[in-house]
Amino acid sequence: MGFFEYLMSKRISQIKMSPMRKIAALLDEAKRKKDIISFGGGAPSLIPPKEILDNLYNHVRNNPYEISRYGSTQGSVELREKISEDVFKYSKVKYEKDEIIITEGSTEGIFFVSFNIP
């Protein structure tokens, strides 16, 4: 048994390729068509609003160290606290910030919860 198989649940080997990967390929082909607005595949075809770009530019200019270093492996503390507050506000379920993990996307999240670590 290899290292990967040791760490991963046996069920993970039964997962088929995500249909989103096929959709992402179709979206790449469709980028040449200007009448299609994509909100899929994590790559929307609309540019962010000017206010967001200005805010991002100012944050990078004023905080270059913060922007260019690795963050926490769980994700930003401030973001996890805000998520905790919002979940409680809208569902009355209380999660502490340390019970919340930020991932780069759903695939990473699925792999994260699939680990079968003894």
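Because the structure is predicted, anything quoted here is derived from the model rather than measured. (Residues numbered from 1 in each chain as written. Predicted model: local features only at pLDDT ≥ 70, side-chain atom pairs only at ≥ 80, totals over all residues. Heavy atoms only, no water.)

Asks: I'm lost on the overall build of the protein chain in this one. Help?
Replies: When helices and strands are tallied, the protein chain shows 6 helices and 0 strands. Overall, the protein chain shows an N-to-C arrangement of helices and strands of α-α-α-α-α-α. In the protein chain, which comprises 118 residues, the proportion classed as buried is 10%. When contacts within the protein chain are restricted to residue pairs at least 6 apart in sequence, long-range pairs at least 24 apart make up 37% of them. Here the protein chain displays about 10700 Å² of accessible surface, and carbon together with sulfur accounts for 60% of that area. (Helix = DSSP H or I, 4+ residues; strand = E, 2+ residues; numbered from the N terminus. Buried < 20%, exposed > 50% of the residue type's maximum accessible area, 1.4 Å probe, protein only. Contact = heavy atoms within 4.5 Å. Areas by Shrake-Rupley, 256 points an atom, 1.4 Å probe, with all protein chains shown as cover.)

Asks: Please explain the side chain of serine 84 as it appears in this structure.
Replies: When you line up the elements, serine 84 lands in helix α5 (residues 77–91). Residue classification places serine 84 among the buried residues on the basis of a relative accessible area of 5%. Among the polar contacts listed, one links the side chain of serine 84 to the backbone oxygen of tyrosine 95, at a separation of 2.3 Å. Contacts of serine 84, omitting those with residues within four sequence positions, involve Lys94, Tyr95, Glu96 and Ile100. (Polar contact = N/O pair within 3.5 Å; in protein donor to acceptor, adjacent residues only side chain to side chain.)

Asks: Got a minute to help me understand the environment of lysine 97 in this structure?
Replies: You can see lysine 97 is positioned in the loop between α5 and α6 (106–114). Spatially, the C-alpha atoms of lysine 97 and arginine 80 are 5.1 Å apart, while their sequence positions differ by 17 residues. Excluding anything up to four places from it in sequence, lysine 97 contacts Val77, Arg80 and Glu81.

Asks: So what exactly am I meant to see when it comes to the side chain of arginine 80 here?
Replies: With respect to the element layout, arginine 80 can be found in helix α5. Taking relative accessible area as the criterion, arginine 80 reaches 3% and is therefore assigned buried. From its side chain, arginine 80 meets the backbone oxygen of glycine 75 in a polar contact 3.1 Å long. Leaving out residues up to four positions away in the same chain, arginine 80 has contacts with Ser72, Gln74, Gly75, Lys97, Asp98, Ile100 and Ile102.

Asks: Can you help me understand the pattern of salt bridges in this one?
Replies: Opposite charge on two side chains lets them pair, provided their charged atoms get close. Summed over all chains, the structure comprises 3 salt bridges. Here aspartate 54 ties to lysine 50 by a salt bridge, and the two come within 2.6 Å at their closest N and O atoms. A residue pair is termed a helical-turn pair when its members lie 3 or 4 positions apart in one helix, as aspartate 54 and lysine 50 do in helix α3 (residues 50–62) at 4 residues. For lysine 50, a relative accessible area of 56% puts it in the exposed group. (Salt bridge = Lys/Arg side-chain N within 4 Å of Asp/Glu carboxyl O.)

Asks: How should I be thinking about a nonpolar patch on the surface in this particular structure?
Replies: A cluster of nonpolar side chains, Leu56, Val60 and Ile67, forms an exposed patch at the surface whose accessible area comes to about 240 Å². We classify valine 60 as partly exposed; its relative accessible area is 36%. (Patch = residues over 30% accessible without salt bridge, like charges linked within 9 Å, V, L, I, M, F, W, Y side chains within 5 Å.)

Asks: Sorry if this is basic, but what is going on with the packing of aromatic side chains here?
Replies: When we look at a pair of aromatic rings, we describe it by the centre distance and by the angle of the planes. With the rule as written, the count across this model stands at 0 aromatic pairs. Here the basic side chain of lysine 92 rests over the ring of phenylalanine 88, its NZ or CZ set 5.6 Å away from the ring centre. (Phe/Tyr/Trp six-rings, centres within 6.5 Å; stacked < 30°, edge-to-face > 60°. Lys NZ or Arg CZ within 6 Å of the ring centre and 35° of its normal.)

Asks: I would appreciate a short explanation of a negative patch on the surface in the present structure.
Replies: Together, Glu66, Glu78, Glu81 and Glu85 line one region of the surface with negative charge. The leading source of residues in the negative patch is α5, at 3 residues. For glutamate 78, a relative accessible area of 57% puts it in the exposed group. (Lys, Arg positive; Asp, Glu negative; His and termini not counted. Charge placed at Lys NZ, Arg CZ, Asp CG, Glu CD.)

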